[in-house]
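A structural walkthrough
Here is what each chain is made of, one letter per residue.
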Amino acid sequence: MLGRMFNVFAETIDDGPPLGDMLRRPILRAPVPLSERRLEGAIFEIGIKAIDLLRPLERGGKAGLFGGAGGGKTG
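Owing to the predicted nature of the structure, the values given are computational and were not obtained by experimental measurement. Starting afresh in each chain, residues are numbered from 1 along the sequence in its written order. Only residues with pLDDT of at least 70 are given local features in this predicted model, and only at 80 or more are side-chain atom pairs given and counted; all residues enter the totals for whole chains, interfaces and linings. To get the side-chain values, take all heavy atoms of the structure and skip hydrogens and water.

**Focus: the overall build of the protein chain**
- Secondary structure elements follow DSSP: runs of H or I of four or more residues count as helices, runs of E of two or more count as strands, with numbering from the N terminus. Helix and strand counts for the protein chain stand at 1 helix and 2 strands.
- Taken from N to C terminus, the helices and strands of the protein chain fall in the order β-α-β.
- The classification of residues rests on relative accessible area computed with a 1.4 Å probe and restricted to protein chains. Under 20% of the type maximum is buried, over 50% is exposed, and intermediate values are partly exposed. Put simply, the protein chain has 75 residues, and 3% of those count as buried.
- We call two residues in contact when some of their heavy atoms are within 4.5 Å. Taking the contacts inside the protein chain whose residues are at least 6 apart along the sequence as the reference set, 11% of them involve residues at least 24 apart.
- Looking at the protein chain as shown, the accessible area adds up to about 7400 Å², and 59% of this sits on carbon and sulfur atoms. Residue exposure ignores everything except the shown protein chains as possible cover, and the areas themselves are Shrake-Rupley values with a 1.4 Å probe.

So this is what it looks like as structure tokens:
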């Protein structure tokens, strides 16, 4: 699927070959059980010095960043 273009119905729109039968999963589904999750603990460096130093983010986690002009969001 890398490099392909799709519409909202997962149909190809880039004049390439159709995808055929693929495993499809709903967006809203039950979470993966804790016994099957991988525990790595890798740090995700985002390039904003204050966040990388004071509150590093874990790779694969969820985070939100808000700020106005001059907040250093672009690194």
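**Brief notes about unusual backbone geometry**
- In this model, Asp15 sits at a positive phi of 60 degrees, which is unusual for a non-glycine residue.
- Locating Asp15 in the fold gives a position in the segment before strand S1 (43-44).
- Taking relative accessible area as the criterion, Asp15 reaches 82% and is therefore assigned exposed.

**With respect to the environment of Phe6**
- Secondary-structure assignment places Phe6 in the segment before S1.
- Contacts of Phe6, omitting those with residues within four sequence positions, involve Met1, Glu11, Thr12, Ile13 and Leu19.

**Digging into the environment of Ala10**
- Within the element layout of this structure, Ala10 appears in the segment before S1.
- The exposure class of Ala10 is partly exposed, given its relative accessible area of 32%.
- Setting aside its immediate chain neighbours within four residues, Ala10 contacts Leu19 and Arg24.

**Some points on the pattern of salt bridges**
- Basic side-chain nitrogens of Lys or Arg form a salt bridge, by our definition, when they fall within 4 Å of a carboxyl oxygen of Asp or Glu. Here the structure, examined in full by the defined rule, presents 1 salt bridge.
- For the salt bridge of Arg4 with Asp14, the shortest nitrogen-to-oxygen distance reads 2.8 Å. Of this pair, Arg4 sits in the segment before S1 while Asp14 sits in the segment before S1, and the two are 10 residues apart along the sequence.
- Judged by relative accessible area, which is 24%, Arg4 ranks as partly exposed.

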